[in-house]
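# Architecture at a glance
Each chain is listed here by its residues.
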Amino acid sequence: MSAELLATLSIFLLALLVGFEVIGKVPATLHTPLMSATNAIHGVILVGAMLVASVAETATDYVLGFVVAAFATMNVVGGYVVTDRMLGMFQSPASQR
Amino acid sequence: MSTLDTVVRLAYLAAATCFVLGLHLMNAPATARRGNRLSIAGMLLAVAATFVLLVDSGATTPAGWMVLAAGAGVGTVAGLWAARVVPMTAMPQLVSLFNAVGGGAAALVAVPELVPAAGAASVRVPAALDIVIGTVTFAGSLVAAGKLQGVVPGRPVVFPGARVVGGGLALATAIAGGLLIRGYGGGAAVAVLAVAALALGVALVLPIGGADMPVVISLLNACTGTAVAMAGFVTDNSVLVVAGALVGASGAILTALMATAMNRSLPAILLGGYGTGDGASGPGGTGGAPVRAVSADDAAIQLAYARRVVVVPGYGLAAAQAQHALHELATVLASHGTEVTYAIHPVAGRMPGHMNVLLAEANVPYSEMRELDAANAELSLADVALVVGANDVTNPAARRPGNAISGMPILDVDRAAAVIVIKRSMGHGYAGIDNALYTDPKTGMLFADARAGLAALSAAVKTLVG
């Protein structure tokens, strides 16, 4: 196993642990926005999509690049917008009555 | 490492930090929106850094840029449109759909790494895993979204030999994946792997019933996260690894919470066949025990003279679009001093926390929403518990062994001084068993559609307290 892979593996494991720690504290009230926000975060695959499209040379590559870019952008944009829309509905008691 | 490379990597690190801090801010409703926006900033940073990297390397052809721009344009329009128009009741479908495209994108990113049959094992292993997990998630999420939307039957779809088919598909996936990892097959093996994994995703989700959807959505969310992390290994990109791990952790936590809330093990859920479909109500009846039907006026008197009312909403409330009618009743009650809170079971909706969003949409402040334990403490002190559209999660049978819901954590509605249940008929919930709460002497059944029943209650309470 190369040093790079080992380093990436460490990052992965630590991020997983940070995730458990941070997300475990989110109250049940916010679980739907949480899921939708994490959904948007995994749209970061857009970065991967850009890297794939950047080395495209054949027609198949281009089709692949188009589909990946469309999927990933829909994931990012839709995910964040809908999360923001939902969170805007959560009102504090002060803003009511 | 060149200066630009260093800057880009630092930008990725900053983006990952934004994601973590953004999620941290989601631990309270007051800061959650800020958290999401911080997360957006991180995303913009990551994308901008990648853009700079691509421009600098100059490897991208003009056609490549056009393809990228066209794809991003289509995705943006589709995403914006979906996010704006979808009603809150359909949120689980939308989240599933975004899950599907995310998983699909993650799988496709790995394809170019495997098609020329070369490269190190340290790339081929995560690439194969990425394609398998991403593709299974893509197909599974689409089926789940279809079930939630009612396009695909919500009931468990099982046929003789389904397990054998599933097993065969899993085997085919494993063989094709193994060949790819050993460096054989190239494009053909990738195609076999993709088709087998697509079919496997469908076969996994089809037999799972509507009642188990909160678990399935959470699990698929975790899978997409894992697929994205694998894509990070493939492209040696730290921000993908970190983001993927965060999503994986979040999905895993929610999966465990949902499974616990239903007292069902994950393997049992995945094997499927449990429960019925959407809004199914088996032949009614409560084993012959009498139920006490009450009129809206009688129920209104109980509510008007109660000091503490705990509302127990279930998905039936949302299905009847009655959230606003419920909030109106609560406002009338609160205006003359009755304390109203909402007891929300973890699986009250179709995804984790769904009921909270539906109530928030109807302007219910989050400070009035109670989670299971707090709700049960309040229920035992409540003068009246008002159950609207919830069934199995209120069934005292869960405390006894030997039935379909034994051991499931429930809301202790039967411990309130009096109970009013708004329900259309004596139909069963998902579990298909009788609810002893309905035959409890202190329970009054108000047989009505949720929205009409709540409106009648509001009107009656208004005339009582003038």
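Residues numbered from 1 in each chain as written. Chains lettered and ligands numbered in written order. Predicted model: local features only at pLDDT ≥ 70, side-chain atom pairs only at ≥ 80, totals over all residues.

## Some points on the pairing of strand 5 (residues 418-423) of chain B
Residues and elements named next belong to chain B.
- Here strand 5 lies mainly inside the structure; 5 of its 6 residues are buried.
- As defined by bridge partners, strand 4 (residues 384-388) adjoins strand 5 across 5 bridges and the pair is classed as parallel. In the sheet register, Ala 385 faces strand 5, and the bridge partner there is Val 419.
- Relative to strand 6 (residues 443-447), strand 5 runs parallel, the two being bridged by 5 bridges. Directly across from Ile 422, in strand 6, lies its bridge partner Leu 446. (Buried ≥ 20, exposed ≤ 12 C-beta atoms within 10 Å, placed from the backbone. Helix = DSSP H or I, 4+ residues; strand = E, 2+ residues; numbered from the N terminus. Pairing = 2+ DSSP bridges.)

## Let's talk about the interface of chain B and chain A
- Between chain B and chain A, the contact holds 91 residues from the first and 77 residues from the second.
- In terms of residues, the side of chain B that touches chain A owes the most to one element, helix 3 (residues 62-85) of chain B, which gives 16 residues.
- Here the side of chain B that touches chain A is composed, by residue class, of 57 nonpolar, 29 polar and 5 charged. (Contact = placed C-beta atoms within 7 Å. Nonpolar A, V, L, I, M, F, W, Y, C, P; charged D, E, K, R; others polar.)

## A closer look at the confidence of the model for chain A
- Averaged over chain A, the pLDDT score is 90; the fraction of residues at 70 or greater is 95%.
- By mean pLDDT, the top-scoring element of chain A is helix 2 (residues 31-41) of chain A (94), and the lowest-scoring one is helix 3 (residues 45-54) of chain A (89). (pLDDT = per-residue confidence, 0-100.)

## Details of the packing of helix 5 (residues 121-149) of chain B against helix 8 (residues 213-234) of chain B
All names here are of chain B.
- Packing of helix 5 against helix 8 brings their axes to within 8 Å, and their N-to-C directions diverge by 155 degrees. With respect to each other, helix 5 and helix 8 are oriented roughly antiparallel. Viewed along their axes, helix 5 and helix 8 form a crossing whose handedness is left-handed.
- Taken together, the residues of the contact of helix 5 with helix 8 sort by class into 18 nonpolar, 6 polar and 2 charged. (Axes fitted to C-alpha atoms, helices over the stretch in contact; angles between N-to-C directions. Parallel < 35°, antiparallel > 145°, perpendicular 65-115°, else oblique. Left-handed = near helix turned anticlockwise from the far one by under 90°.)

## With respect to the domain arrangement of chain B
Residue and element names in this part refer to chain B.
- On domain assignment, one finds that chain B holds domain 1 (3-271) and domain 2 (296-465).
- Computed from C-alpha atoms alone, the centre-to-centre distance between domain 1 and domain 2 is 37 Å.
- Counting residues at the interface gives 18 residues for domain 1, matched by 16 residues for domain 2.
- Of all the secondary-structure elements, those providing two or more residues to the side of domain 1 that touches domain 2 are helix 4 (91-114), helix 8 and helix 9 (238-262).
- Of the residues forming the side of domain 1 that touches domain 2, the biggest block, 5 residues, is contributed by helix 9.
- The residue inventory of the side of domain 1 that touches domain 2, partitioned by class, reads 15 nonpolar, 3 polar and no charged. (Domains from an automatic or database assignment.)

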